[in-house]
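Read off the chains here:
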Amino acid sequence: MIKSMTGYGIGTADNSTVKYTVEIKSLNSKFLELNLRLPKAVSDKELLLRGECSKLIERGKVNINISTEYVDQTAKGATINADLLKAYYKQLQDIAFQLGDTKSNMFELALNMPEVISHDDEVDEEEGKVLVDAFHAAIKKFNKFREDEGSVLKKDLEYRVSLILSYLTEVEAVEGSRIPLIRERINQYMEDAVGKENVDMNRFEQELVFYIEKLDITEEKVRLRSHCNYFVEALNSQDSNGKKLGFISQEMGREINTLGSKANNAQIQQIVVKMKDELEKVKEQLLNVL
């Protein structure tokens, strides 16, 4: 099973006093690039969460945002900055007066302004468990998203590799007439250049055999088919990963390139171009595979 590196998940957990919301987003990256934003009150949980991310997320450019909502804003050691509250309240009243607004609740607005209410830097064990529960709920949805995206990627990759194999069959169908045509072309060239009566046929046959051996693409066909089959096998394995599939696709590319350079046939080279096109699409998709 493969997973996409693109993912999204949001999880919440709460108790009688606090509610935590964890939102996770990720894009593709060669390594784990983690941007973790969490409230100061739970900063001591950062190392724990980073360790869990390295195990459960593995790779990707990941943004995690954790927010806190207290049921009782003045609960659990909360402190109100009275001077700051008064300053906000007075500014809001002045602005409301200038705008002719007599309906807004200025005190409530001032109470919700930044840094008016601050909480203790430490959280108890119960609150820490709520945070961890919210985190794992988000991870569960995040990984489900990755798996769903991965199944779509898997179908597309299988389709692209099947096209490459079908093009390889086309190459084999054309290949039968390739060597006779090369032989005829070289023979005609020699007759035109020096005359048929001046050609040492024994030497000509020896050189021709040596030349044709260099153009033989049997090994390339066998290896390319083997790499394609191995790619599909790895795609369906339990431990499949993008890096491994990327290495296999590189080997496929080498065989396709060699096949094209040794083809010496316009029709085969046109088919090879189609193979390269499909392989590039495979490589593009693999950039987003975990």
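Conventions and cut-offs
- Residues numbered from 1 in each chain as written.
- Predicted model: local features only at pLDDT ≥ 70, side-chain atom pairs only at ≥ 80, totals over all residues.
- Heavy atoms only, no water.
- Pairing = 2+ DSSP bridges.
- Helix = DSSP H or I, 4+ residues; strand = E, 2+ residues; numbered from the N terminus.
- Axes fitted to C-alpha atoms, helices over the stretch in contact; angles between N-to-C directions.
- Contact = heavy atoms within 4.5 Å.
- Buried < 20%, exposed > 50% of the residue type's maximum accessible area, 1.4 Å probe, protein only.
- Salt bridge = Lys/Arg side-chain N within 4 Å of Asp/Glu carboxyl O.

Undergrad: Can you walk me through the sheet that holds strand 1 (residues 7-14) in this structure?
TA: Strands belonging to one sheet form pairs held by backbone hydrogen bonds; the direction of such a pair is parallel or antiparallel. Taken in spatial order, the four strands make up an open sheet running 1-2-4-3, and their pairing is mixed. With partners counted over all chains shown, the strands left at the sheet margins are strand 1 and strand 3 (32-37), one partner each. If you compare each strand with its neighbour and ignore which way they point, the axes differ by 15° on average. Of the strand pairs in this sheet, strand 2 (residues 18-27) and strand 4 (residues 60-70) are connected by 10 bridges, and their pairing is antiparallel. Counted as the bridge partner of Ile24 is Ile64 from strand 4. Where helix 1 (residues 46-56) meets the sheet, its contacts fall on strand 3 and strand 4, and the angle it forms with strand 3 comes to roughly 145°. Where helix 4 (residues 125-175) meets the sheet, its contacts fall on strand 1, strand 2 and strand 4, and the angle it forms with strand 1 comes to roughly 155°.

Undergrad: Sorry if this is basic, but what is going on with the pairing of strand 1 here?
TA: The side chains of a regular strand alternate, residue by residue, between the two faces of the sheet. Covered by surrounding structure in strand 1 are Gly7, Gly9, Gly11 and Ala13 only, the residues Tyr8, Ile10, Thr12 and Asp14 on the alternate face being uncovered. Of the pairings in the sheet, the one linking strand 1 to strand 2 comprises eight bridges and is antiparallel in character. Across the sheet, the residue bridging to Thr12 is Thr21, located in strand 2. Counted along the chain from strand 1 to the antiparallel partner strand 2, the turn is three residues long.

Undergrad: Before we go on, may I ask you to explain the pattern of salt bridges in this structure?
TA: A pair can form between side chains of opposite charge whenever their charged atoms are brought close. Scanning the model with the defined rule gives 16 salt bridges in all. With a closest N to O distance of 3.1 Å, Glu52 and Lys55 form a salt bridge. Here Glu52 and its partner Lys55 are both found in helix 1, three residues apart, which amounts to about one turn of the helix. Where Asp156 meets Arg160, a salt bridge forms, and the shortest distance between an N and an O atom there is 3.5 Å. Of this pair, Asp156 and Arg160 both sit in helix 4, four residues apart, roughly one helical turn. The network of salt bridges with common partners includes Asp156, Arg160, Asp277, Glu278 and Lys281.

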